[in-house]
Number of protein chains: 2
Amino acid sequence: MGEPPENFSMVWKGIYRSGFPARRNLPFLRTIGVRSVLCLCPEEYPDSSLAFFESNGIALIQHGMDGNKAPDDRTGAFMAPEIVARAIGVLLDESTHPVLIHCNQGKHRTGCLVGCLRKVQRWSSVATFEEYRRFAGAKARLVDLQFIELFDTATALQPPQRANS
Amino acid sequence: MGEPPENFSMVWKGIYRSGFPARRNLPFLRTIGVRSVLCLCPEEYPDSSLAFFESNGIALIQHGMDGNKAPDDRTGAFMAPEIVARAIGVLLDESTHPVLIHCNQGKHRTGCLVGCLRKVQRWSSVATFEEYRRFAGAKARLVDLQFIELFDTATALQPPQRANS
């Protein structure tokens, strides 16, 4: 039986989203033929999952960052738009497909990244925010919607900078 | 700018879902290349949409039915499993792809059909019900979950009956 990770959904052709895949979800990723996993968490990846990815030819791409925090949070952390722009570059590069985006819950960081992708796809704000809320539910954060609104899609459409240029 | 219909999402390769597409959403359906629309409402389709479909080569497939009603509802209506099975046949037939499933809100009838499709795809009940609730939100109906649980996937995997057989 297929057991998709929590908050799993298809985003677009070749692009999936979810919460952190548990060990019991790994066979499902194989059944849908995932070729890359784009992880938005900064923490080290579990060894058992790394071994599974390696033996199944799945590339792990980590663009780790903390989620947006409410203004009253001490850290006042805000996601880095340049990391989000690079992550969108990964999604737009079909050689990574099928690719699974995930963070911990599949709600906030993943929701922001997908929201910024919808801006690139020129979706209306209403539809973009509705989709964000569908996955975040009662945990929706206004700072996330602000992040999406402020995101400059031009930064995501630059050709990627090479390390040696 | 792309304005997807309410509750729009990708279900699987070549399969989309949404609420009833308003006139302002029709151009979006063209941008994603929809070839068929599977409507689960029994009412007549609006003429202006029919004209749009015809001029864009989009086939309208109607498997109209009423949604499931709670046991205390006077009508006690329950969706017809054989219509749902036929609708799944439409979804599994790739010649209809990309296909958009819709009812009125994209919550109940569409949610039941997608839930039954997930059973055919052998998803776990947890993931199937979570997905149903993601779209239905506060309007989730236990009778819909019961409908999905009782649905016999074998009926959906029969080759379609021809009219003259």
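K.L.:
Go over the overall build of chain A with me, naming the residues and quoting the values.
P.N.:
Counting its secondary structure elements, chain A contains seven helices and five strands. Along the three orthogonal principal directions, the C-alpha set of chain A runs to about 45 × 40 × 30 Å. For chain A, the proportion of its 165 residues judged to be buried stands at 51%. Of the contacts formed within chain A by residues at least 6 apart in sequence, a portion of 64% connects residues at least 24 apart. Surface summary for chain A: the accessible area is close to 8200 Å², and the carbon and sulfur share equals 51%.

K.L.:
Run through the nonpolar core, naming residues and quoting values.
P.N.:
Within the largest apolar cluster, 98 residues are counted, with the highest numbers of intra-cluster contacts made by W12(A), V84(A), L113(A), W12(B), V84(B) and L113(B). Ignoring anything within four residues of it in the chain, the contact list for W12(A) reads R118(A), Q121(A), W123(A), F8(B), M10(B), Y16(B), F28(B) and I32(B).

K.L.:
Pulling in residues and values, what's your account of helix α3 (residues 81–92) of chain B?
P.N.:
Taking 1.5 Å per residue as the helical rise, α3(B) with its twelve residues ought to reach 16 Å, and the 16 Å between its terminal C-alpha atoms agrees with that figure. When α3(B) is considered as a whole, its buried residues turn out to be I83(B), V84(B), A85(B), A87(B), I88(B), V90(B) and L91(B).

K.L.:
Lay out the pattern of salt bridges in plain terms, naming residues and giving numbers.
P.N.:
Residues and elements named next belong to chain B. Summed over all chains, the structure comprises six salt bridges over all chains. Across the salt bridge formed by E3 and R24, the nearest N and O atoms sit 3.2 Å from each other. Of this pair, E3 sits in the segment before β1 (9–12) while R24 sits in the loop between β2 (15–18) and α1 (26–31), placing them 21 residues apart in sequence. We classify R24 as exposed; its relative accessible area is 55%.

The rules we used
- Residues numbered from 1 in each chain as written.
- Chains lettered and ligands numbered in written order.
- Predicted model: local features only at pLDDT ≥ 70, side-chain atom pairs only at ≥ 80, totals over all residues.
- Heavy atoms only, no water.
- Helix = DSSP H or I, 4+ residues; strand = E, 2+ residues; numbered from the N terminus.
- Buried < 20%, exposed > 50% of the residue type's maximum accessible area, 1.4 Å probe, protein only.
- Contact = heavy atoms within 4.5 Å.
- Areas by Shrake-Rupley, 256 points an atom, 1.4 Å probe, with all protein chains shown as cover.
- Core = buried A, V, L, I, M, F, W, Y, C linked by side-chain atoms within 4.5 Å.
- Expected span 1.5 Å × (residues − 1).
- Salt bridge = Lys/Arg side-chain N within 4 Å of Asp/Glu carboxyl O.

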